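# Inside the fold
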Amino acid sequence: MDYFPASYAESRAWFLQNIERLRAKWPVFQPGQHTLSNHPDLSIDWLWAEPHKKEHLVLVSTAQHGIEGYVGTAMLKIFIEEFAPLLDPETTGLLLVHTINPWGMQHNCKVNENGVDLNRNFDFDEKFDPAINPEFRQIDYLITPGRPVRHPAWETISFWGRVLRALVSSGQAVVSRAALLGQHHTPEGFFYGGTKFEESTELLIGLYRQALEEYPSLIQTDIHTGYGPRYQMSILLPPPDPLSSAQAREKYGYPLVQTINPQEFYAISGDMGEYTYRLRDAHFPRRQLSSTGFEFGTFGESLLARIRSLKAMTLENQLRRHGASSESAAAAVRHEFRELYYPAEPRWRQKALADGRQAFKGILSAHHLIGG
Ligand SMILES: [Zn+2]
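Throughout what follows, the structure given in this document is the object of discussion.

The rules behind each value
- Residues numbered from 1 in each chain as written.
- Predicted model: local features only at pLDDT ≥ 70, side-chain atom pairs only at ≥ 80, totals over all residues.
- Heavy atoms only, no water.
- Donors = N, O, S within 2.8 Å, 3.2 Å for Na, K, Ca; no water.
- Tetrahedral: all angles 85-135°; square planar, octahedral: opposite > 155°, others 65-115°.
- Helix = DSSP H or I, 4+ residues; strand = E, 2+ residues; numbered from the N terminus.
- 1 Å grid on protein atoms, 1.4 Å probe; cavity = no way out; pocket = protein on both sides within 12 Å on 5 of 7 lines; lining within 4 Å.
- Points joined across faces, edges and corners; volume = space filled by probe spheres on them.
- Nonpolar A, V, L, I, M, F, W, Y, C, P; charged D, E, K, R; others polar.
- Expected span 1.5 Å × (residues − 1).
- Salt bridge = Lys/Arg side-chain N within 4 Å of Asp/Glu carboxyl O.
- Pairing = 2+ DSSP bridges.
- Axes fitted to C-alpha atoms, helices over the stretch in contact; angles between N-to-C directions.
- Contact = heavy atoms within 4.5 Å.
- Parallel < 35°, antiparallel > 145°, perpendicular 65-115°, else oblique.
- Left-handed = near helix turned anticlockwise from the far one by under 90°.
- Buried < 20%, exposed > 50% of the residue type's maximum accessible area, 1.4 Å probe, protein only.
- Arc of directions from axis to C-beta.
- Core = buried A, V, L, I, M, F, W, Y, C linked by side-chain atoms within 4.5 Å.

### What about the coordination of the zinc ion?
At the metal site, the zinc ion is ligated by His65 (ND1), Glu68 (OE), Glu68 (OE) and His224 (ND1), and these contacts range over 2.0 to 2.7 Å. Geometry at the zinc ion is irregular, judged from its 4 donor atoms and the angles of 52 to 142 degrees they form at the metal. All donors to the zinc ion come from one chain, and their sequence spacing reads H-x2-E-x155-H. In this pair, Glu68 sits in the loop between β3 (56-61) and α2 (69-83) while His224 sits in strand β5 (residues 217-225), placing the two residues 156 residues apart along the sequence.

Structure representation (structure tokens):
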């Protein structure tokens, strides 16, 4: 494996082997594993590396949206090889989580084994309110056509017809809000957040609780792909973060920072980063927390690029639910979906590595965990 793995299995084998290089440096080295209850061949793996004196914890997690975990692994590799050696094992611990959603990574999906989008499943106090996002039903015909995928040319014409209808009758703002917010009422639609905590969610909440109990200061990064400019990764801030995006740009010395709100990014209900702030505020109010997402854009930000993303998501959901009329139609859907979350282009991958390095360096030095 260079930086970018070819499969979940390759990625997992790499992780289990390469965390070993951290064993000698930290006083306590404790790998953990959770096997999915209905998929004994798939697991979430993590490492606690504990310092002598628990002052800071650096937390990196990947593949909450399965297929986004390929780039996640590249970031873990950069972190383990280039940044972990610079940290002080006297005072700084690590929690590295490999694949929050192993089923999704194995099958090149965003959702998990139950069709749930895990970044819409972290609803505080388990309030999975079916009333949120009523606008979703207005555009149901656009994103959940409820039939097998047909020939790519046919699907393109059909999708554009539906998009134009949606833009005219509902407007662009409603379409993007309804599509991206998340919902708890239509299991066959996408960005479905479920009606209870998923297995991965419960596990992660347990790890976050332990982290907040044991460490005064947490620096958290979760890795995502698919949104934003193609050749510039965005650092995302959950809405409860006290920094404005302009302040964070300055503090982290990083050119693009966005807060997860409708003005700068888009609104999300049930976001994991926001959950950790809520958990901290409710039960660990004296803990310092800084939570960021790395979001690697792929198709770009123009209206056309956004429509192309929506089409790729719609067809992938349709394929998973209803199959396709031919193997070539299915292959075209899978290829486009993969390009949306894991682009093959070498130039894109090189820039992703460079942006990841710059962001880790900026965040870790802003928190005085490595030399500036
Ligand atoms: Zn994501």
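Back to the text.
### Some details on empty space enclosed by the protein
Considering all chains together, one arrives at 4 cavities of 30 Å³ or more under this definition. If you add up the space inside the largest cavity, you get close to 600 Å³. Lining the largest cavity we find 48 residues, and of these Leu180, Phe191, Tyr227, Phe265 and Tyr266 sit closest to its centre. Those elements that place two or more of their residues in the lining of the largest cavity are α5 (152-169), α6 (172-180), β5, β6 (234-237), α9 (272-283), β8 (288-296), α10 (303-322) and α11 (327-341). For the lining of the largest cavity, the leading source of residues is α10, giving 7 residues. Residue composition of the lining of the largest cavity, grouped by class: 25 nonpolar, 15 polar and 8 charged. Approximately 100 Å³ is the volume attributed to the second largest cavity. Lining the second largest cavity are Lys110, Val111, Asp117, Phe190, Phe191, Met313, Glu316, Asn317, Arg320 and Phe337. With 4 residues, the single largest contributor to the lining of the second largest cavity is α10. Residue classes in the lining of the second largest cavity are distributed as 5 nonpolar, 1 polar and 4 charged.

### Overview of unusual backbone geometry
The backbone phi angle of Ala63 is positive, close to 60 degrees, even though this residue is not glycine. Looking at the secondary structure, you find Ala63 in the loop between β3 and α2. With a phi angle near 60 degrees, His368 is a residue other than glycine that sits in the positive phi range. Secondary-structure assignment places His368 in the segment after α12 (346-366).

### Quick look at α12
Helix length check: α12, at 21 residues, gives a terminal C-alpha distance of 30 Å against a target of 30 Å (1.5 Å per residue), a fit within 8%. Looking at the residues trailing α12, positive phi occurs at His368, about 60 degrees.

### A look at the pattern of salt bridges
Taken as a whole and judged by the stated rule, the model has 19 salt bridges. A cluster of three or more residues bridged by salt bridges with shared partners is formed by Arg21, Lys77 and Glu81.

### Quick notes on the sheet that holds β3
One open sheet accounts for 8 strands, arranged β1-β2-β4-β3-β5-β8-β6-β7; its pairing is mixed. Of all strands in the sheet, those with a lone pairing partner are β1 (28-36) and β7 (257-259), marking the two edges. Neighbour-to-neighbour, the strand axes of the sheet open up by a mean angle of 20 degrees, direction not taken into account. Sheet topology places β3 next to β5; 6 bridges connect them, and they run parallel. The residue bridging Val58 from the neighbouring strand is Ile219, located in β5. Here helix α7 (residues 199-214) sits on the sheet and contacts β1, β2 (39-50), β3, β4 (92-98) and β5; the angle it forms with β2, its principal contact strand, is near 10 degrees. Lying over the sheet, α12 contacts β3, β5, β6 and β8, oriented at roughly 170 degrees with respect to β8.

### Details of the packing of α7 against α9
Between two packed helices, what matters for the description is the angle formed by their axes and the separation of those axes. Interaxial distance between α7 and α9 falls to 11 Å at its minimum, and their mutual angle equals 45 degrees. Taken together, the axes of α7 and α9 lie oblique to each other. Of the two elements, α7 crosses α9, and the hand of that crossing is right-handed. Between α7 and α9, the residues in contact are Leu204, Ile205, Tyr208, Arg209 and Leu212 and Met272, Tyr275, Thr276, Leu279, Arg280 and His283, respectively.

### Quick look at helix α8 (residues 245-252)
Every buried residue of α8 is listed here: Ser245, Ala248 and Tyr252. Down the axis of α8, the smallest arc covering the buried residues is 55 degrees, so these residues share one side. Gly253 lies just past α8 and shows a positive phi near 55 degrees.

### Focus: the nonpolar core
By size, the foremost hydrophobic cluster in this structure holds 84 residues, and its most contacted members are Phe79, Leu94 and Phe294. Top contributing element to this core by residue count: α2, with 9 residues. The residues contacting Phe294, other than those within four sequence positions of it, are Met75, Thr221, Asp222, Ile223, His224, Met233, Ser234, Ile235, Gly356, Ala359, Phe360 and Ile363. Counting residues in each nonpolar core, the second largest holds 28 residues, with Leu57, Ile100, Phe124 and Tyr277 among its members.

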